[in-house]
Amino acid sequence: MATAEQLVQELVAQPQFQRSPQIGQLPARIGQLRHVRILAISAADGGRAALLPIPVPDQPDLVPGWFASMVNVEDMRREMQIIWEGRHIGSVVIVGHAADEISEVWRETKDLLIVALLLGGTVLVLLHFAFGRLLRPLADVATGLRELEQGEFRHRLSRPAIQPLAEITDRFNALAVRLDLARSENRQLNRRLLTVQDDERRQLASELHDELGPCLFGIKADAASLGMLAPRLPAEAGRIVRERVATIETITDEIQLMNRRLLDRLRPMALDHLPLSEVLGGLISEFQRHGPVPKITLAADNLAARYNDAVNITIYRCVQEGVTNALRHARANNLEIDLREVPADPRTGNDGSRALLLLTISDDGMGTSPGDGRGLGLTSMEERVHALDGSIRIGPNSEGEGTCLTVRIPVDGGGPTDSQRQSLKAARS
């Protein structure tokens, strides 16, 4: 506005304008100015104005209304009175117009926004790679902690180049080593406790079998001999003796039955003489003799003639407890028991260095719910299986109904040898 006003004053003061004042030619002589419009009003023409069009860019920017409303200002207006030789010949009105300035600001703002976006994107990419390299070890630590939570204590982390993170990974690896060592020691301790417990049970069962059994047999023999003497006594005395003999024989039979049950609970004696599959078959037959039960099928495949004592007892107790729970709680119509030895093969899901005994007990009953508690029998099974480096899982069966108990126990060897198969065939015959 000040520049336009000064230009008007200079043009009016020039000799050319003084000789022939033409108000209408002032805008054309001033030329194109940015941000202003010049309006010439001649008194001789009766107020007719000559307006110089505002110059526009070749490609004007389309300014959004919200941006124009933010930066727009009120148009400024100044009017200059032109006096020549003491009389008023017209006036020049200078109007400040900010449209082209707003367009320029919008164009610069867009350029700055583009530069800012490019710069921000570049910074974000650099931060992504920088923090990614920095935080990748922390992600590995999180993965390692998740493995520890799931019991995978053999998981180890690679040492990063960043020293603080390297110390964290060193502490993590040391913790994993300690946990793995502690679990190994606990398993050895549990295995030793189970061995001591089984030895005590074996000794107690042997004493019951070798000591109490003959004593009961002697009592029954003596009672039978007394019964044979009863006819030689007077009638009344003979009757009393026969009654006492019958009572003694009944009590002796009950003690013998109780003794057999205790022997079976302490240690199945058949495990010392028969293959595991035969002993399990006898256990299933015993369940079926006690009353109406679901249809129970037993499948045993690729089993050795004998395994070590701890494995045999653990499998026997798992089958015993699993079938007992199914009969008590499942209300099932069918119960399937499958026991097989799985070789060490990654294609079968067993990628360890030892073969596995795989036991599954599946029923079509009511199934289990998350709120079901764990009884003493299941806890005892878990302790035995974990002591042998095995695993146990209870969940729905493959059809999604009923319950499936799965037990995996590592064993030495890879299935029955030829001699074991011959022994197994001989035992079955």
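Residues numbered from 1 in each chain as written. Predicted model: local features only at pLDDT ≥ 70, side-chain atom pairs only at ≥ 80, totals over all residues. Heavy atoms only, no water.

A few points about the packing of aromatic side chains
Any two aromatic rings considered together are summarised by their centre-to-centre distance and by the angle between their planes.
Working step 1: Across all of its chains, the model carries three aromatic pairs by this definition.
Working step 2: Considering the side-chain rings of Trp66 and Phe67, the 5.9 Å spacing of their centres and the 85 degrees angle between planes classify their relative orientation as edge-to-face.
Working step 3: Of the residues examined, Phe67 reaches a relative accessible area of 6% and is grouped as buried.
Working step 4: Geometrically, the ring pair formed by Trp66 and Trp106 is edge-to-face, given 5.9 Å between the ring centres and 90 degrees between the ring planes. You can see Trp66 sitting in helix H4 (residues 65-71) and its partner Trp106 sitting in helix H5 (residues 99-149), a full 40 residues away along the chain.
Working step 5: We classify Trp66 as exposed; its relative accessible area is 52%.
Working step 6: Here the aromatic residues Trp66, Phe67 and Trp106 are joined through ring pairs into a cluster of three or more. (Phe/Tyr/Trp six-rings, centres within 6.5 Å; stacked < 30°, edge-to-face > 60°. Buried < 20%, exposed > 50% of the residue type's maximum accessible area, 1.4 Å probe, protein only. Helix = DSSP H or I, 4+ residues; strand = E, 2+ residues; numbered from the N terminus.)

Topic: the confidence of the model for the protein chain
Working step 1: Residues of the protein chain with pLDDT of at least 70 account for 86%, and the chain-wide mean is 79.
Working step 2: The low-confidence segment residues 47-60, where pLDDT is below 50, has 24 contacts with residues more than four positions distant or belonging to other chains.
Working step 3: Here residues 413-429 is a poorly scored stretch, pLDDT under 50, and it has 21 contacts once near neighbours within four places are set aside; other chains count. (pLDDT = per-residue confidence, 0-100. Contact = heavy atoms within 4.5 Å.)

Description of the layout of surface pockets
Working step 1: By volume, the largest pocket is sized at about 1,400 Å³.
Working step 2: Lining the largest pocket are 39 residues, and of these Asp264, Arg265, Tyr316, Arg317 and Gln320 sit closest to its centre.
Working step 3: If you list the elements that add at least two residues to the lining of the largest pocket, you get helix H6 (163-229), helix H7 (235-266), helix H8 (276-289), helix H9 (309-330) and helix H10 (376-387).
Working step 4: By residue number, the principal contributor to the lining of the largest pocket is H7, which donates eight residues.
Working step 5: Along the lines of polarity and charge, the residues of the lining of the largest pocket split into 16 nonpolar, nine polar and 14 charged. (1 Å grid on protein atoms, 1.4 Å probe; cavity = no way out; pocket = protein on both sides within 12 Å on 5 of 7 lines; lining within 4 Å. Points joined across faces, edges and corners; volume = space filled by probe spheres on them. Nonpolar A, V, L, I, M, F, W, Y, C, P; charged D, E, K, R; others polar.)

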